[in-house]
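So you can see what is in the structure, the chains are spelled out below.
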Amino acid sequence: MPRKGPTDDGDELLARLGSLTAQARELAQLQRSRVELAVALQRGMLPRDLPEAPGLQLAVRYAPAYQGLNVGGDWYDAFTMPDGRIGLSIGDVQGHNIEAAAFMGQVRVGLRALASVTSEPGELLARTNDLILSLGTDLFATCTFMRLDPATGVLESARAGHIPHIWATADGRSGVSDDEGGPPLGVEEGTEYPVMRHRLTTGGVFVLVTDGVVEGPSLSLDEGLDKVVRLAGVAAVAGLEAGALAAAVIKMARSVGHEDDAAVLVVGHDRAVGRL
């Protein structure tokens, strides 16, 4: 019986390698398409315009995790409510896939829709939590929701498992909020979310971030928050615009040591307009 020679064996090996290479290329292209779809989905669900009010500065920055296989579900939002106050939210959906990106849109839209029923931050998060649980999904989300009265500077905040926000004032004070919070949205029925009151003073800023900005293998959460505190403090004292501060904070995402979604929402007061 004739045996295959070295040339025949080599041809067969090359053919198999070629087939495996083609399969790997198709798989890579499929994953790339899924990532591109998720990134487009994320960007399409984020607001294009931000509310405007005398003395108010709002700035956002967003860096999606489109490298490798990570596709997250971070979001930010800012909108004017029926009573003239401004709703602000930032959050992070558990998971890094296209399902997380789609779920992010559901949570954000749910918050907006329910804000027309109640704008009180604690009740709004509680109703959103009930809504998510009614969907029967295994996903959950962390979130901070704030209600700002641009006429008085009063800002009411509720937190659902999300990392605390950072604040700074024009007289040199700054720090990390010690607001009490509740569990993430979509975890536990009948949850209550405490509401804390703050005030946006002349030249002051509030900075809301997702964990992709301040936490990772190369940066602990405390270290990351301290860095944002320093940036916010310098910006408030120097009178930098909210956009400049947001850009400086999102740049920190490069130092966390991993590729994750990163979102920043800065709320500031223009000291040139007058005192709140």
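Below you will find a few notes about this structure.

## Structural notes on the pattern of salt bridges
All chains considered together, the criterion is met by eight salt bridges. Ionic pairing is found between D83 and R85, a salt bridge with its closest N-O pair at 2.8 Å. Classification of R85 as partly exposed rests on a relative accessible area of 24%. The residue E123 makes a salt bridge to R127 at a minimum N-O spacing of 3.0 Å. Note that E123 and R127 are positioned in helix α3 (residues 121–134) at a spacing of four residues, about one turn of the helix. Overall, E123 belongs to the partly exposed group, its relative accessible area being 35%. Salt bridges sharing partners connect three or more residues here, namely D83, R85, R147, E156 and R197.

## Digging into helix α5 (residues 221–238)
Counted at 1.5 Å a residue, the expected span for α5 with its 18 residues is 26 Å, and the 26 Å between its end C-alpha atoms agrees. Listed in full, the buried residues belonging to α5 are G224, L225, V228, V229, A232, G233, A235 and A236. Looking at the packing, one finds that the buried side of α5 touches β6 (166–168), β7 (174–176), β9 (205–209), α4 (211–214) and α6 (242–251). G239 sits one or two residues past α5 and shows a positive phi near 75°.

## Focus: the sheet that holds strand β5 (residues 154–160)
Sheet architecture is open: five strands sit in the order β2-β3-β4-β5-β8, paired in antiparallel fashion. Edge positions in the open sheet fall to β2 (74–80) and β8 (196–199), since each of these has one partner strand only. Put simply, the sheet's adjacent strands are angled 20° from each other on average, direction ignored.

## Topic: the sheet that holds strand β10 (residues 262–269)
Pairing in this open sheet of five strands is antiparallel, and the strands run β1-β10-β9-β6-β7 from one edge to the other. Looking at the sheet topology across the chains shown, the edges are occupied by β1 (56–63) and β7. The average angle at which neighbouring strand axes cross in this sheet is 15°, direction not considered. Across three bridges, the pairing between β6 and β7 is antiparallel. Opposite A168, over in β7, you have S174 as the bridge partner. Running at roughly 25° to β6, α5 makes contact with β6, β7 and β9 of the sheet. In this fold α6 packs onto β1, β9 and β10, with an angle of close to 25° to the strand it touches most, β1.

The rules behind each value
- Residues numbered from 1 in each chain as written.
- Predicted model: local features only at pLDDT ≥ 70, side-chain atom pairs only at ≥ 80, totals over all residues.
- Heavy atoms only, no water.
- Salt bridge = Lys/Arg side-chain N within 4 Å of Asp/Glu carboxyl O.
- Buried < 20%, exposed > 50% of the residue type's maximum accessible area, 1.4 Å probe, protein only.
- Helix = DSSP H or I, 4+ residues; strand = E, 2+ residues; numbered from the N terminus.
- Expected span 1.5 Å × (residues − 1).
- Contact = heavy atoms within 4.5 Å.
- Pairing = 2+ DSSP bridges.
- Axes fitted to C-alpha atoms, helices over the stretch in contact; angles between N-to-C directions.

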